[in-house]
Amino acid sequence: MHLSNSPPPLRRQRGFLNPNIAKFIGLSIVGLAIAGALLVVYALIFINPRLPSLDLITDYRPKVPLRIWSEDKVLLGEFGEEKRSLVKLDDIPADMKNAVLAIEDYRFYQHGGIDYIGIARALVTDVLRGSASQGASTITMQVARNVFLTKEKTFSRKLYEVLLANKIESALTKDQILEVYMNQIYLGQRAFGFAAAARTYFGKDLKDVDLAEAAMLAGLPKAPSAYNPIVNPKRAHIRQQYILQRMLDVGFITQAQYDKAAKEEVKVRAPGSQYTVHAEYVNEMVRQMVYAQYKEDTYTQGFNVYTTVNAADQQAAYLAVRKGVMDYDRRHGYRGPEETVPLPTNAEDRAAAIDDVMDDHPDNDDILAAVVVAASPKQVDAVLRSGDKVTIKGEALRFVANALSEKAKKEIRIQPGALIRVMQDAKQNWQIVQLPQVESALVSVVPQDGAIRALVGGFDFTQNNFNHVTQAWRQPGSTFKPFIYSAALEKGFAPASIVNDAPVSYPAGPGQPNWEPRDDEPPAGPMTVRTALQKSVNLVAIRTLDNIGVPFAKDFITGTYGFDPDKVPPYLPMALGAGQTNPLQLSAAYAVFANGGYKIQPYLISLITDARGKALSQAAPLVVGNGAPRVVAERNSYMMTNLLKSVAQRGTGARSNSLGRTDLAGKTGTTNDAVDGWFAGYQRTLATVVWMGYDQPKSLGGMEFGAQLALPIWVDYMGKALKGVPQFEQPVPDGIRFIDGEPYYDNFTPENGLVTNVGVTVVDAISNFFGWTPSSAPSGPAPATQAAPSAPGTQTPARPTQNENARRFNDNTYQSP
């Protein structure tokens, strides 16, 4: 027998598994089954009763911001922590829905709300990694998480998510679930839902996005900050390309569609430019009015406010104000860089230094911050915030020539490291500019009902949110003179009445020097009211007011035109605009001229609706011919429009002739020392007021007047606002009689009660006839007459009765605009 030390051969096992392994697997399966059963029991007993009610999505009412619209349905702005626009699923483009489904849950319409294989895979990953990780979430589960749960990554939260998803699937249809998801998901930049994201990133409605844009938006849910196309355009593009490929793979798009979208350059809006119209002051006015009524609900209930503002007119007003202010600023020289910092020689350090200084000087719309990297009298090179380099040379350097001189003072010198401002002109050439210090405002109302068509409260809301249209109470200067003459018409004056433009002295109080008003130009002697208003002659306006009496004039003007009685001084300097008004109040007053004598109340909000479109409040303005009260005879407003057309065509407002219209009327205004510059004017369909000045009152310049300051802005705006508006020829109303081409009240004619002249003596008449003027006479003002007030039609002016008030306004240097 052969013996061997080798072990006996092993006998082959039958089957695939060792009995011990099979036993282990079997026990594991049983254990998992028992654990699963216990988990189900636990869920049913302890978790299911605690699941929140589905009211939040069955009656879906998320936080929706206050949204402000123009009268022609252009979005002007939003207020609220969350930007959100609710849209119905049927209004979402198919490409947008398919892009989301392809990347988030392409089997959404096939499964029951839970991807069990995906969940199992996620659980195994959690065990292997020893930590919780999120994955396998269907759209239904994301809705459950986003609406009801926190974002913590725990097992219990995942269990709640699964149970909630099942509950949601049993309560809502697939389309309803997808609609909630498309409106609820956070997509960066405070935008919730794809409609808000489309406007935030592309400046368009969701219905208008194309396939390439839809794919880019669909990439945001996974990580809004990482795939934000504004902040991370490269990563957003990579994600977009992946989603387009995914849409092709699952059959949502064709190869041709893929090829076209993959090559498309998506244009993303710059930060802060999601609105096409600048209406910041309008938005803030609306916000304040709505908040006064609805308090904190203003920012969450999705109110839609429809204003009276026309989008095109509003943008025209914004651009006109910007241009007018920049033109004024250029006339008054360069003040120097905003800051100058040392630039390191190392390229990386230099870039960091430029970034640091840029942080403190944000761009201002099209006025961009730039850091100079090289400067000479012939060329300036600068770097923008974007990193792009711009070059300014030639004629564009004329404005800053002194700052580029070797003799330039340190504080104004342009040198490497200087923070300057640049912008492109109409030909896209770069030029150096500066942020202005002066302010301007414009408001335009419809004379027939008071609807505000455009409102710009200042040069830039981010720089200065003080609304000069409503909050700046300033002296109106000569824009107030028409109201003096309107009152005078009721006392027997006419455009052809003659008033002496001659020196005059009004006694003041004891120990006070006489008030001796004067004009910029030497007195010209007797002239008609029409000529005096065209030339804005101060002395004629004062003599006219003195003749009709200050108390009558004040009562008539405040009662008829709506000025605050406590802001209209009860003394003669009232004729020169010594009181106070604001642009909005002045526009309403000029609207009375424009609409034929009716008082209107400017208003801004026409309709407020809730998020579902139900009207909450609606304006009911008083309209000419339907409730608006008549405050002055039609013949008065006709006569004043006739006079103010003369100003616009042949007087200080003649620049308006550039518009090629004969139905424009208005008046310039400049206060003492050119502290305020105005133009108030109108056409039958629009009454518009423009103001310019400093917040801390100071002179705008010795050679600056309303005709140079405000009128160009008015012309720029009205040229666009009146485009396509037919000319209006006002019919002659009852009570007007024309004699030798001049209008008269039919009860105040040269033969019947007309004030033919004021302050004109025989010597004055003869001297004026032969061309002699008071400027060639011996110096010294003529004393005011001491005669008693005369009856209308006589040649003797009334005695001044405002001695005490004249003393209170002892100003000898009033200037004419």
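Residues numbered from 1 in each chain as written. Predicted model: local features only at pLDDT ≥ 70, side-chain atom pairs only at ≥ 80, totals over all residues. Heavy atoms only, no water.

**Q** Got a minute to help me understand the overall build of the protein in this structure?
**A** Tallying secondary structure elements over the protein gives 24 helices and 23 strands in all. Among the 817 residues that make up the protein, the fraction classed as buried is 52%. Excluding contacts between residues fewer than 6 apart, the proportion of contacts in the protein whose partners are at least 24 apart in sequence is 71%. In the structure as shown, the protein presents an accessible area of about 38,400 Å², 53% of it carried by carbon and sulfur atoms. (Helix = DSSP H or I, 4+ residues; strand = E, 2+ residues; numbered from the N terminus. Buried < 20%, exposed > 50% of the residue type's maximum accessible area, 1.4 Å probe, protein only. Contact = heavy atoms within 4.5 Å. Areas by Shrake-Rupley, 256 points an atom, 1.4 Å probe, with all protein chains shown as cover.)

**Q** So what exactly am I meant to see when it comes to the sheet that holds strand E5 (residues 304-307) here?
**A** Note on sheets: strands pair through backbone hydrogen bonds, and any given pair is parallel or antiparallel. Strands sit in the order E2-E1-E5-E16-E17 across an open sheet of 5 strands; the sheet is mixed. Both outer strands of the open sheet, strand E2 (75-79) and strand E17 (615-618), are each paired with one neighbouring strand and no more. Here the strands of the sheet are splayed against their neighbours by 15° on average, with no regard to which way each runs. Bridging between strand E1 (residues 66-69) and E5 involves 3 bridges; their strand directions are parallel. By the bridge assignment for E5, Trp-69 is matched with Tyr-306. Contacts from helix H12 (residues 280-294) reach E1, E2, E5, strand E16 (605-609) and E17 within the one sheet, and its direction differs from that of E2 by about 50°. (Pairing = 2+ DSSP bridges. Axes fitted to C-alpha atoms, helices over the stretch in contact; angles between N-to-C directions.)

**Q** Whenever I open this one, unusual backbone geometry confuses me. Can you help?
**A** For residues other than glycine, phi is negative in most cases, and the peptide bonds are mostly trans. Positive phi values are uncommon outside glycine, yet Gln-189 reaches one of about 55°. Relative to the assigned elements, Gln-189 resides in the loop between helix H7 (174-184) and strand E4 (191-192). Phi at Lys-295 takes a positive value of approximately 55°, unusual for a residue other than glycine. Mapped onto the fold, Lys-295 is located in the loop between H12 and E5.

**Q** I would appreciate a short explanation of the packing of helix H8 (residues 194-202) against helix H9 (residues 211-218) in the present structure.
**A** Each pair of packed helices gets described by two things: the angle between the helix axes and the distance between those axes. Orientation of H8 relative to H9, taken along the N-to-C sense of each, is 110°, at an axis distance of 11 Å. One element, H8, and the other, H9, form an angle in the roughly perpendicular class. Here the hand of the crossing between H8 and H9 comes out right-handed. Residues Phe-194, Ala-197, Ala-198, Tyr-201 and Phe-202 of H8 lie in contact with H9, whose contacting residues are Glu-213, Met-216, Leu-217 and Ala-218. In the contact of H8 with H9, the residues fall into 8 nonpolar, no polar and 1 charged. (Parallel < 35°, antiparallel > 145°, perpendicular 65-115°, else oblique. Left-handed = near helix turned anticlockwise from the far one by under 90°. Nonpolar A, V, L, I, M, F, W, Y, C, P; charged D, E, K, R; others polar.)

**Q** I keep staring at the pairing of strand E9 (residues 389-393) and nothing clicks. Help me out?
**A** Across the two faces of E9 the burial differs, with Val-390 and Ile-392 buried and Lys-389, Thr-391 and Lys-393 not buried at all. Between strand E8 (residues 379-384) and E9, which follow one another and run antiparallel, lie 4 residues, and Gly-387 among them has a positive phi close to 95°.

**Q** Sorry if this is basic, but what is going on with the nonpolar core here?
**A** Inside soluble globular proteins, nonpolar side chains tend to come together where they are buried. Counting 87 residues, the largest nonpolar core has Val-290, Phe-483, Leu-545, Tyr-561 and Phe-563 as its most contacted members. No other element matches helix H19 (residues 583-595), which puts 9 residues into this core. In this view, Phe-563 contacts Phe-480, Phe-483, Ile-557, Thr-558, Val-568, Thr-581, Gln-585, Leu-586 and Ala-589; residues no more than four positions away in its chain are not counted. In terms of nonpolar packing, the next biggest core, distinct from the first, is built from 55 residues, Ile-185, Ala-195, Ala-236 and Val-266 among them. (Core = buried A, V, L, I, M, F, W, Y, C linked by side-chain atoms within 4.5 Å.)

**Q** Any chance you could explain the packing of helix H3 (residues 94-104) against helix H10 (residues 233-249) here in plain terms?
**A** Between H3 and H10, the shortest axis-to-axis distance is 9 Å and the interhelical angle comes to 95°. Classed by the angle they form, the pair H3 and H10 counts as roughly perpendicular. On H10, the residues that touch Asp-95, Asn-98, Ala-99, Ala-102, Ile-103 and Glu-104 of H3 are Arg-239, Tyr-242, Ile-243, Arg-246 and Met-247. A breakdown of the residues in the contact of H3 with H10 according to their chemical character gives 6 nonpolar, 1 polar and 4 charged.

**Q** Would you take a moment to explain H8 for this structure?
**A** Of all the 9 residues making up H8, 9 are buried; the element is thus mostly covered by neighbouring parts of the structure. Restricting attention to buried positions, one finds in H8 the residues Phe-194, Ala-195, Ala-196, Ala-197, Ala-198, Arg-199, Thr-200, Tyr-201 and Phe-202. At its buried positions, H8 is contacted by E2, strand E3 (83-84), H3, H7, E4 and H9. Of the residues trailing H8, Gly-203 is marked for its positive phi of about 70°.

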